[in-house]
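As a plain string of letters, each chain reads:
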Amino acid sequence: MDDIIKWIMDMVNYNSTADTGNTVDCAEYAYHILKDHGVNAELISYPDGNCMVTAFIKGRSPKRIVFHAHIDTAPYGNEAEWRFSPYKASLKKNCICGRGTTDCKGQAAVWIRLMCDKAKEAADNNMEMNYSLMLILTADEENGGTCGIKRLIEEHNAAKDAALVIGEGGGFPVPFKNKLLYTVQTEERTDEKLLCEEASAANSENTEKYTDKDIERIIKKGIAKGYYSELLPEYIKNCCKEKRRLDVEALYEGMETFFDTVKASSADKYIIDVFQKALRQFIPDADILPVITPGCSDNRYLRSLGIPVVGFFPFDERNGIHMHAANEYISIKTLELAYNVMSEVIDRLIYEEDINL
């Protein structure tokens, strides 16, 4: 864990905010970590400052399980709103503070550690993975991805043989009754008219647009497509009644039409089951809450190619996750949880004989 903490802090100290358009120093740092640990890595640089890293561990099959994260970050914003320095990492109360810790350098550091460890395990035990393992660290996500993941796909064939991509967009814990639901992003939408847009307002009209019957009908369609857990109907009704902010982050205006166009694959259902089993080893009361999130990320470029993409990086924080806002931080408990859970997930994926990806 000490290495992960050091790597995050060092990466935070490299200014790779979207307004600079420069990820060179941060990418070179990640590249050298991977190379020093014997991982086959490549540094991909462009004159405009967008620098990215790919890494690869060969398995028996050319099909790849891909870790993805971006190393550019949101701008620092108004420094007066920060309780600690946004541009220099600090360690406070078992939390690493600074811009990019949550979005997305913390995830990048955990992915790097997993790549290094899986490469060493395979070499030390003379084990060949059933599937290949790949890491992609991109630039330009905060500016739309056209100079980042889109370039890698079009100019470097980075999505070749990708059977599954695990990226950002999920892993946030939602307490619900006696359960702790962890979100998994299965899709994302950029519609301006989101049902959850002003759901926290006391007199939000949006929460009244759907009756209970409407919600039941829509969710049944979602469940039939494989995108929602059986807990979701009751959860959404409860959130609507209390007008909670997360209330219908998975429900949008016109969602019924959307479900008509979505094709849920057996891989989606399998992966969600793998996540749940791994989570329950460390959090026995955990369950999975697949969601379709607002906004957009690099995930959409990969999904547009028909590649299964899930957003999942389990957090310990129950609140206070500041991704683009002031006072961004990530806890050491989150790093421990994410590493342990994702190590279990990856072992299941790369060593199981029949996962049908």
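Quick caveat, the model's predicted, so the values are computed rather than measured.

Taken as a whole and assessed by the stated rule, the structure comprises ten salt bridges. Aspartate 3 is the partner of arginine 113 in a salt bridge, and the nearest nitrogen-oxygen pair spans 2.8 Å. With arginine 113 in helix α3 (residues 101–124) and aspartate 3 in helix α1 (residues 2–13), this pair connects stretches of sequence that are 110 residues apart. Its relative accessible area of 13% is what places arginine 113 among the buried residues. Of the charged contacts, one joins lysine 150 and glutamate 154 as a salt bridge, the two residues approaching to 2.8 Å between their closest N and O atoms. Of this pair, lysine 150 and glutamate 154 both sit in helix α4 (residues 149–156), four residues apart, which is roughly one turn of the helix. Relative accessible area serves as the criterion here: at 29%, lysine 150 is assigned to the partly exposed category. Look at the salt bridges and you will find they share partners, linking Asp3, Arg113 and Asp117 into a network.

Looking now at the packing of aromatic side chains. Within a pair of aromatic rings, the relevant descriptors are the distance that separates the centres and the angle that separates the planes. Across all of its chains, the model carries eight aromatic pairs by this definition. Here the aromatic rings of tryptophan 111 and phenylalanine 313 are separated by 5.7 Å at their centres, their planes lie at 85 degrees, and the arrangement is edge-to-face. Of this pair, tryptophan 111 sits in helix α3 while phenylalanine 313 sits in the loop between β11 (309–311) and β12 (329–331), placing them 202 residues apart in sequence. Accessibility assignment for this pair places tryptophan 111 and phenylalanine 313 in one class, buried. Between phenylalanine 313 and phenylalanine 315, the ring centres sit 5.5 Å apart and the planes meet at 75 degrees, which makes this aromatic pair edge-to-face. An aromatic cluster is defined as three or more aromatic residues linked by ring pairs; in this entry it consists of Phe67, Trp111, Phe172, Phe313 and Phe315. Sitting over the ring of tyrosine 46, arginine 151 keeps its end group 3.9 Å from the ring centre.

Here we come to the state of the cysteines. For the structure shown, the criterion picks out zero disulfides. Among the cysteines around cysteine 97, which has no disulfide bond, cysteine 95 carries the closest sulfur, lying 6.0 Å off.

Taken in spatial order, the three strands of this open sheet run β4-β5-β12, and their pairing is antiparallel. In this open sheet, the two edge strands, each paired with only one partner strand, are β4 (90–92) and β12. Strand after strand, the sheet turns through a mean of 25 degrees between neighbouring axes, direction not considered. Its contacts with the sheet place helix α10 (residues 332–351) against β4, β5 (95–97) and β12, and it is angled at close to 65 degrees to β12.

Following both chains from N to C, one finds helix α2 (residues 24–36) and α3 inclined at 20 degrees, their axes separated by 10 Å at the closest point. Here α2 is positioned roughly parallel relative to α3, judged by the angle of their axes. For the pair α2 and α3, the crossing hand works out as right-handed. In this structure, α2 contributes Cys26, Ala30, Ile33 and Leu34 to the contact, and α3 contributes Lys105, Ile112, Met115 and Cys116.

Turning next to the environment of threonine 101. By the secondary structure assignment, threonine 101 is in helix α3. Sequence spacing of threonine 101 and methionine 11 is 90 residues, and the spatial spacing of their C-alpha atoms is 8.8 Å. Non-local contacts of threonine 101, meaning those with residues more than four positions away in its chain, are made with Ile8, Val12, Ile96, Gly106, Glu328, Tyr329 and Ile330. Reaching out from threonine 101, the side chain makes a polar contact with the backbone nitrogen of tyrosine 329 at a distance of 3.3 Å.

This paragraph deals with unusual backbone geometry. A cis amide bond links aspartate 103 to the next residue, cysteine 104, at an omega of 10 degrees. A positive phi angle is found at asparagine 327, which is not glycine, with a value near 65 degrees. Counting through the fold element by element, asparagine 327 comes out in the loop between β11 and β12.

Parameters and conventions
Residues numbered from 1 in each chain as written. Predicted model: local features only at pLDDT ≥ 70, side-chain atom pairs only at ≥ 80, totals over all residues. Heavy atoms only, no water. Salt bridge = Lys/Arg side-chain N within 4 Å of Asp/Glu carboxyl O. Helix = DSSP H or I, 4+ residues; strand = E, 2+ residues; numbered from the N terminus. Buried < 20%, exposed > 50% of the residue type's maximum accessible area, 1.4 Å probe, protein only. Phe/Tyr/Trp six-rings, centres within 6.5 Å; stacked < 30°, edge-to-face > 60°. Lys NZ or Arg CZ within 6 Å of the ring centre and 35° of its normal. Disulfide = S-S within 2.5 Å. Pairing = 2+ DSSP bridges. Axes fitted to C-alpha atoms, helices over the stretch in contact; angles between N-to-C directions. Contact = heavy atoms within 4.5 Å. Parallel < 35°, antiparallel > 145°, perpendicular 65-115°, else oblique. Left-handed = near helix turned anticlockwise from the far one by under 90°. Polar contact = N/O pair within 3.5 Å; in protein donor to acceptor, adjacent residues only side chain to side chain.

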